[in-house]
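Working through the structure, step by step
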Amino acid sequence: DSSTDMELKSLIMSKSEVSLPLQVSYISELLPTLNLPSSLKEYATNAETSTADVTLSYRILGLPSAVSQVQTCLQVIDGNTNALLLKSTCVPREHTEFTLSRMKAGKYKALLTLRNELDPSKSYENTTKAVEIDIRPPVEFTPSYNWQPLHAWHTIPSGIETRIRDTCFF
């Protein structure tokens with residue numbers, strides 16, 4: 001593709017004073033990459049339905065010409081048996097999240113992969129990312145004098161002192 005060649009040439013020319021090993025790392029920016037905020041998602045089930053809605057947000061990074069033909073595909077696997085629960089479902093690059101509705105309590109693995117939209121059999125190297133999903137029924141948190149982590153499935157009794165870590169989504 002000539003536009004990709006032009007971007008590559010201008011990228012290398014703009015970095016001409018840099019040594020060759022560093023230039024090679026810039027070439028990898030031409031390939032699309034998948035960015036996920038976390039490799040673990042924790043959810044509590046709804047008390048009425050005993051299910052949870054899971055949202056997986058992501059970003060596709062790369063030069064515009066590299067990501068223009070990308071689609072994101074999702075597979076869901078049972079975390080205990082490795083059985084395939086959801087076949088590969090793909091969406092165009094404009095989408096930035098998948099929502100899995102009414103998932104029952106259990107452990108799951110979501111696999112997100114970037115594929116070429118024009119040739120779906122072609123996936124990009126090293127673009128599959130796994131997200132562990134842990135869904136549990138609500139459990140009342142048992143306080144102590146020691147700091148303990150809170151999980152999404154904990155219900156917190158009133159009067160408990162909590163601290164939230166500063167986190168950045170991306």
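**So, the pattern of salt bridges**
If you walk through the whole model with that rule in mind, you get two salt bridges. The salt bridge partner of Asp134 is Lys107, with a shortest N-O separation of 3.2 Å. Highlighted residues: Asp134 in strand 9 (residues 129-136) and Lys107 in strand 8 (residues 106-116), separated in sequence by 27 residues. Residue classification places Lys107 among the partly exposed positions, given a relative accessible area of 39%. The closest approach of N and O atoms between Arg136 and Asp134, which form a salt bridge, is 3.1 Å. Asp134 sits in the buried class, given a relative accessible area of 8%. Overlapping salt bridges bring together Lys107, Asp134 and Arg136 as one network.

**Looking at the nonpolar core**
Leu56 and Ile133 are the most contacted members of the largest nonpolar core, which has 24 residues in total. Those elements giving two or more residues to this core turn out to be strand 3 (51-57), strand 5 (70-78), strand 7 (97-104), strand 8 and strand 9. Per-element tally for this core: the top contributor is strand 8, with four residues. Those residues within four positions of Ile133 in sequence are excluded, and the remaining contacts are Lys41, Tyr43, Val54, Leu56, Leu100, Gly106, Lys107, Tyr108 and Ala110.

**Quick word on the pairing of strand 2 (residues 40-44)**
Burial of the side chains of strand 2 is restricted to one face: Lys41 and Tyr43 are buried, whereas none of Leu40, Glu42 and Ala44 on the reverse face is. Alignment of strand 2 against strand 9, held across five bridges, turns out to be parallel. What sits directly across from Glu42, in strand 9, is Asp134.

**What about the environment of Thr155?**
If you trace the backbone, Thr155 turns up in strand 11 (residues 154-155). For the pair Thr155 and Thr142, spaced 13 residues apart in sequence, the C-alpha separation works out to 9.4 Å. Non-local contacts of Thr155, meaning those with residues more than four positions away in its chain, are made with Pro138, Val139, Glu140 and Phe141.

**Here we look at the sheet that holds strand 2**
Here five strands make up an open sheet; going across it, the order is 2-9-8-5-6 and the pairing mixed. Both edges of this open sheet fall to strand 2 and strand 6 (84-92), since each of them pairs with a single strand only. Here the average twist between neighbouring strands, direction ignored, is 20 degrees. Bridge count between strand 5 and strand 6: six bridges; the pairing is antiparallel. In the strand pairing of strand 6, Val76 is matched with Leu86.

**Some points on unusual backbone geometry**
If you check the backbone angles, Ser50 has positive phi at about 55 degrees while not being a glycine. Tracing the backbone through its elements, the reader meets Ser50 in the loop between strand 2 and strand 3. On the basis of relative accessibility, which here comes to 44%, the residue Ser50 falls in the partly exposed class. Its identity is not glycine, yet Asn82 carries a phi of approximately 65 degrees, on the positive side. If you trace the backbone, Asn82 turns up in the loop between strand 5 and strand 6. Of the residues examined, Asn82 reaches a relative accessible area of 58% and is grouped as exposed.

Conventions and cut-offs
Within every chain, residues take consecutive numbers counted from 1 along the sequence as written. Since the coordinates come from a predicted model, pLDDT governs what is reported: local features require at least 70, and pairs of side-chain atoms require 80 or more to be given and counted, while whole-chain, interface and lining totals use all residues. Neither water nor hydrogens contribute to the side-chain values; these are computed over all heavy atoms in the structure. Whenever a carboxyl oxygen of Asp or Glu lies within 4 Å of a side-chain nitrogen of Lys or Arg, that contact is scored as a salt bridge. Going along the chain from the N terminus, every DSSP run of H or I of four or more residues is numbered as a helix, and every run of E of two or more is numbered as a strand. A 1.4 Å probe rolled over the protein chains alone gives each residue an accessible area, and that area as a share of the maximum for its type sets the label: buried under 20%, exposed over 50%, partly exposed in between. Nonpolar cores were defined as sets of buried Ala, Val, Leu, Ile, Met, Phe, Trp, Tyr and Cys residues, with membership established by side-chain atoms within 4.5 Å. Note on definitions: a residue-residue contact is assigned when non-hydrogen atoms from the two residues lie within 4.5 Å. The pairing criterion for strands is at least two bridges between them, as found by DSSP. Whenever a helix is involved, its axis is fitted only over the stretch in contact; in every case the axis is a line through C-alpha atoms, and angles between N-to-C directions fall within 0 to 180 degrees.

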